[in-house]
Amino acid sequence: MLAKHQIGVLSTGETTPDRDTKESDGVSTSDNEYPRISESKIQYQDFSLDLRKGVVWQLVHLTVPRYLEVVHNPVYVPNLRLFDGFMEAFSRTKWWVIPLVWVPTIIGFVIYGLQGNAPITAIERYLRPSSPQFSVLAVLLCLLVGLFFWTKLEYVKHRYLFHMDEKIPGSLGIFIHFILHGIHHFVPLDRDRLVFPPAAAIPFATLYHYFFSLFFPFTIKWLVTAGFLAGYILYDLIHYYLHHGVPTPDSYFGDLKTYHLKHHYKNPRRGFGVSNKLWDYVYGTVLELSLIHI
């Protein structure tokens, strides 16, 4: 996959006959592979991760520079364990859980907003089906406003929160960062650790709904929240597709796949847009797609 999209080589611990390969302490090594991976550990220059244990509690004891060395050198480790014990099951989410949970939620928000019993403001007369001035276009406009808000949040959180890197504040910061995004850069091909678990997303969705309520009347805030959540669903599903789908190379998603993979494997400090590149262009963080030969 990486070769097809002109990205590079993902460290897997596997070696080929034409490599200068040796064995040291049970770790398969080669001059071209970093970090070095065996069945029991991942070996970095001056520290290692024990794959027989949950990696989260090992990472929080690292310095921030060492932690960044881990997350910015992606590896392929099947069935990587984050935690020991019952918490491990909660660290995995199938992609189809996202639409299963959030599509009915969005539909419910739209219906509740349109049929609400709150007093109708002047602008809301275009949004209530009981009003003779009701307009489907006005409803769609509110949904698009929410979608637009999501695209901005997608960029801001990815650039300033998920890639705060050297500004991560110690062990607690490492823990939070790894759970939110570091795990994805560490093992980007892990299918069950790509989309955001609904249980963790609900508090954030609630927070943004109350944020919208500060600026919009009853019906509009529910519609804007619905559009915002629709943007989130599209983001999560597009993100999953970019990693595990096979889009036509010259298509929109083919271009976006190459763009996003280069963010992972070439330059994590640029290319923060996932579902689109809009804000990368606005803020000058576009990741150029010129071929980089390995």
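Before reading on, note that the structure itself is shown above.
Here the structure is a predicted model, which is why all the values come from computation and not from measurement.

Rules and cut-offs
- Residues numbered from 1 in each chain as written.
- Predicted model: local features only at pLDDT ≥ 70, side-chain atom pairs only at ≥ 80, totals over all residues.
- Heavy atoms only, no water.
- Pairing = 2+ DSSP bridges.
- Helix = DSSP H or I, 4+ residues; strand = E, 2+ residues; numbered from the N terminus.
- Axes fitted to C-alpha atoms, helices over the stretch in contact; angles between N-to-C directions.
- Parallel < 35°, antiparallel > 145°, perpendicular 65-115°, else oblique.
- Left-handed = near helix turned anticlockwise from the far one by under 90°.
- Contact = heavy atoms within 4.5 Å.
- Nonpolar A, V, L, I, M, F, W, Y, C, P; charged D, E, K, R; others polar.
- Expected span 1.5 Å × (residues − 1).
- Buried < 20%, exposed > 50% of the residue type's maximum accessible area, 1.4 Å probe, protein only.
- Polar contact = N/O pair within 3.5 Å; in protein donor to acceptor, adjacent residues only side chain to side chain.

Visitor: Can you tell me about the sheet that holds strand E4 (residues 41-43), naming the residues and giving the values?
Guide: Adjacent strands of a sheet form backbone hydrogen bonds with each other and so pair up, either parallel or antiparallel. Reading across from one edge, E3-E4-E5 is the order of the 3 strands in this open sheet, with antiparallel pairing throughout. Both edges of this open sheet fall to strand E3 (36-37) and strand E5 (48-50), since each of them pairs with a single strand only. Summarising the sheet, E3 and E4 pair through 2 bridges and their orientation is antiparallel. Residue pairing in the sheet places Arg36 in a bridge with Gln43 of E4.

Visitor: Can you break down the packing of helix H4 (residues 136-161) against helix H7 (residues 218-244) residue by residue, with the values?
Guide: Two elements in contact, H4 and H7, have axes whose closest approach is 7 Å; the angle formed by their N-to-C orientations is 50°. Taken together, the axes of H4 and H7 are oblique relative to one another. Handedness of the H4/H7 crossing: right-handed. Between H4, through Val139, Cys142, Leu143, Val145, Gly146, Leu147, Phe149, Trp150, Leu153, Glu154 and Lys157, and H7, the contact on the second element is made entirely by Ile220, Leu223, Val224, Ala226, Gly227, Phe228, Gly231, Tyr232, Leu234 and Tyr235. Here the residues of the contact of H4 with H7 sort into 16 nonpolar, 3 polar and 2 charged.

Visitor: Hey, could you go over unusual backbone geometry for me, with residue numbers and the actual values?
Guide: Glycine aside, residues mostly have negative phi angles, and peptide bonds mostly take the trans form. Between Tyr34 and Pro35 the backbone carries a cis peptide bond, its omega angle lying at -5°. Inspection of the secondary structure assignment puts Pro35 in the loop between strand E2 (27-30) and E3. The phi dihedral of Asn79 is positive, around 60°, even though this residue is not glycine. Even without being a glycine, Asp165 presents a positive backbone phi close to 45°.

Visitor: Explain H4 to me, using residue names and the numbers behind them.
Guide: Given a rise of 1.5 Å per residue, 26 residues ought to cover 38 Å, and the 36 Å separating the end C-alpha atoms of H4 matches this to within 8%. Restricting attention to buried positions, one finds in H4 the residues Ala138, Val139, Cys142, Gly146, Trp150, Thr151, Leu153, Glu154, Tyr155, Lys157 and His158. The elements touched by buried residues of H4 are helix H3 (97-115), helix H5 (170-186), helix H6 (198-213), H7, helix H8 (252-265) and helix H9 (278-283). Capping the start of H4, Ser135 holds a side-chain oxygen 3.3 Å from the backbone nitrogen of Leu137, two or three residues further along.

Visitor: Residues and numbers for H8, please.
Guide: Taking 1.5 Å of rise per residue, the 14 residues of H8 would be expected to cover 20 Å, and the 20 Å separating its terminal C-alpha atoms lies within 8% of that figure. Among the residues of H8, those classed as buried are Gly254, Leu256, Lys257, Thr258, Tyr259, His260, Leu261, Lys262, His263, His264 and Tyr265. Its buried side turned inward, H8 meets H4, H5, H7 and H9.

Visitor: An account of the packing of H6 against H7 is needed here, citing residue identities and associated values.
Guide: Following both chains from N to C, one finds H6 and H7 inclined at 140°, their axes separated by 9 Å at the closest point. Judged by the twist between their axes, the crossing of H6 over H7 is right-handed. Across the interface between the two elements, Ala201, Ala205, Tyr208, His209, Phe212 and Ser213 from H6 touch Lys221, Trp222, Val224, Thr225, Phe228, Leu229 and Tyr232 from H7. For the contact of H6 with H7, a count of residues per class yields 9 nonpolar, 3 polar and 1 charged.

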